[in-house]
Amino acid sequence: MESLDNLNSINDFNEAKQVIAGGVNSPVRAFKSVGGTPPFIREGKGAYLIDEDGNRYIDFVQSWGPLIFGHCDKEIEAAIIETAQKGLSFGAPTTLETALAKEIIVTYEGIDKLRFVSSGTEATMSAIRLARAWSKKDDIIKFEGCYHGHSDSLLVQAGSGLATFGSPSSPGVPQDFTQHTLVAQYNDLESVKECIAQSEAKGRGIACVILEPIAGNMGLVPSKKEFLQGLRQLCDEKQIVLILDEVMSGFRASLRGSQSFYEIRGDLVTFGKVIGGGMPVGAFGGNDDIMALLSPDGAVYQAGTLSGNPVAMSAGLASLRKIKHTKGLYEKLESLAMQLTEGLKAICQSHKITLQTCVRGSMFGFFFNDKEVMNFQDALKSDTQMFAKFHQGMLNKGVYFACSQFETGFICDAMDEAMIQSVLERAEDVLGGIVRYGK
């Protein structure tokens, strides 16, 4: 397989390792699961990334989701520049925060109030704290394969059975921090009921259930509608706060995130990525009664100097307004995602390679797997070596897919049918080469 010239990226990576832990500031960027050297990016333009060696890639990562209009969108850039010229940070309220909050609340049913933070991790961490205060219970349920940030109580792996109290999945996380976190299996309501029963048997009770309704951190694995409906009913019966983590899917899968597919409301919803238009933003919101518990109105403390940062707010506001004013946006993005995934599946079938694909709006995923992926255990059965070969081959041909089998891909408005077709032609060459030569 031919390789791009990446001498500068190799040198940049080696230099970064001298001063940055692991050479990267987020682990997946190190390309450990796919091999090779991560391209060090110099700039992005529309659907493309350009690395320090001048190589150009069609970008299906799009900063892990937020860049619906691609890199360097002129309207979003103009909003950022105009705001930055007035000041980068005040640590004081601005009307931009109110305007962005209104854009979100008017779109998402069930949200009366919001609180902005600087990341999805902050949003989920704060939502769980609020849910515990509301319910006056300590135990929480998360799902294996769902990622909600790196706060201590959420870095949990399943115990001897899925529906058990979790154990830390990272050194540095005390057992005491995870003893109140139970791990259930995604798309399996019975495992949730088992978690509830175990918690109640210990005299505790479940404060909240948190999940990605459209999971994007084990690859793209959406909830089954009957599962999500059953979960909503179960939470109502047991007075458990249901937290829908839409950090990835909010305004990405559709204008209304998962609500367009399921019509299920969370008691609390978390956002990130897309509502910042490429800037660091997160948020969590819910009904008036729950949100009233937050300081300064209530006793639940949460704060952040850069929460509601004006530059980030302006980027998010420009992005959401453009999303709402662009007719047929999500229909176009979904059509391109279907063209890509159906094309990949057809190519794989012609080479007798099994491939499972999924699309939710502008989000897509694919697994080199014999069966439909419904949960993390299914995802783990995927052929990760085949994915690594495919990823490296496509990268050498100028196509930048997420650097892990267990991540989601994204379509942006700067892409078109001709671009997708060119990607499929390259995929035919790569997959044919893997079948013929094993690499």
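For clarity, every value in this text was computed on a predicted model and none was experimentally measured. (Residues numbered from 1 in each chain as written. Predicted model: local features only at pLDDT ≥ 70, side-chain atom pairs only at ≥ 80, totals over all residues. Heavy atoms only, no water.)

Some words on the overall build of the protein chain
Looking only at helices and strands, the protein chain features 14 helices and 19 strands. Here the C-alpha radius of gyration of the protein chain, 22 Å, is about what a compact globule of 439 residues would show, namely 22 Å. The principal-axis extents of the C-alpha atoms in the protein chain amount to approximately 60 × 55 × 45 Å. Classification of the 439 residues of the protein chain by burial places 56% in the buried group. Considering only residue pairs separated by 6 or more positions, the protein chain has 71% of its internal contacts joining residues 24 or more positions apart. Working note: accessible area of the protein chain is about 18700 Å², and carbon and sulfur atoms make up 50% of it. Between the mean site of the 42 positive side-chain charges and the mean site of the 52 negative ones, the protein chain shows a separation of 0 Å. (Helix = DSSP H or I, 4+ residues; strand = E, 2+ residues; numbered from the N terminus. Rg over C-alpha atoms; globule rule 2.2 N^0.38 Å. Buried < 20%, exposed > 50% of the residue type's maximum accessible area, 1.4 Å probe, protein only. Contact = heavy atoms within 4.5 Å. Areas by Shrake-Rupley, 256 points an atom, 1.4 Å probe, with all protein chains shown as cover. Lys, Arg positive; Asp, Glu negative; His and termini not counted. Charge placed at Lys NZ, Arg CZ, Asp CG, Glu CD.)

With respect to helix α10 (residues 310-325)
Because each turn of an α-helix spans 3.6 residues, side chains separated by three or four positions in sequence point in the same direction. Between its first and last C-alpha, α10 extends 22 Å over 16 residues, near the 22 Å set by a 1.5 Å rise per residue. Among the residues of α10, the N-terminal cap falls to Asn309, whose side-chain oxygen and the backbone nitrogen of Val311 are separated by 3.1 Å. (Expected span 1.5 Å × (residues − 1). Polar contact = N/O pair within 3.5 Å; in protein donor to acceptor, adjacent residues only side chain to side chain.)

Some points on empty space enclosed by the protein
Tallying each qualifying case throughout the model produces one cavity of 30 Å³ or more. As a volume, the largest cavity reaches approximately 80 Å³. Here the lining of the largest cavity takes three residues from strand β17 (residues 363-367), the largest share from any one element. Residue composition of the lining of the largest cavity, by class: five nonpolar, five polar and one charged. (1 Å grid on protein atoms, 1.4 Å probe; cavity = no way out; pocket = protein on both sides within 12 Å on 5 of 7 lines; lining within 4 Å. Points joined across faces, edges and corners; volume = space filled by probe spheres on them. Nonpolar A, V, L, I, M, F, W, Y, C, P; charged D, E, K, R; others polar.)

Concerning the packing of helix α13 (residues 384-396) against helix α14 (residues 417-437)
The interhelical angle for the contact between α13 and α14, taken along N-to-C directions, is 130 degrees, at an axis separation of 9 Å. Overall, the two elements α13 and α14 adopt an arrangement that is oblique. Between α13 and α14 the crossing geometry is right-handed. Contacts between α13 and α14 pair Met386, Lys389, Phe390, Gly393 and Met394 from the former with Val423, Arg426, Ala427, Val430, Leu431 and Ile434 from the latter. (Axes fitted to C-alpha atoms, helices over the stretch in contact; angles between N-to-C directions. Parallel < 35°, antiparallel > 145°, perpendicular 65-115°, else oblique. Left-handed = near helix turned anticlockwise from the far one by under 90°.)

Examining the layout of surface pockets
The space that makes up the second largest pocket amounts to roughly 410 Å³. Around the second largest pocket, the lining is made up of 15 residues, and of these Glu97, Thr98, Leu114, Arg115 and Phe116 lie nearest the centre. Here the lining of the second largest pocket takes five residues from helix α3 (residues 95-105), the largest share from any one element.

Thoughts on the environment of Gly433
By secondary structure assignment, the location of Gly433 is in helix α14. A C-alpha to C-alpha distance of 51 Å links Gly433 and Asp176, two positions 257 residues apart in sequence.

Describing the sheet that holds strand β1 (residues 41-45)
Judged by pairing direction, the sheet is mixed, and its four strands sit side by side in the order β1-β2-β3-β18 without closing on themselves. Whereas interior strands pair on both sides, the edge strands pair on one side only; in this sheet they are β1 and β18 (399-400). Bridging between strand β3 (residues 56-59) and β18 involves two bridges; their strand directions are parallel. Paired with Asp59 across the two strands is Tyr400, which belongs to β18. Across the sheet, α14 lies against β2 (48-51), β3 and β18, angled at about 110 degrees from β3, the strand it touches most. (Pairing = 2+ DSSP bridges.)

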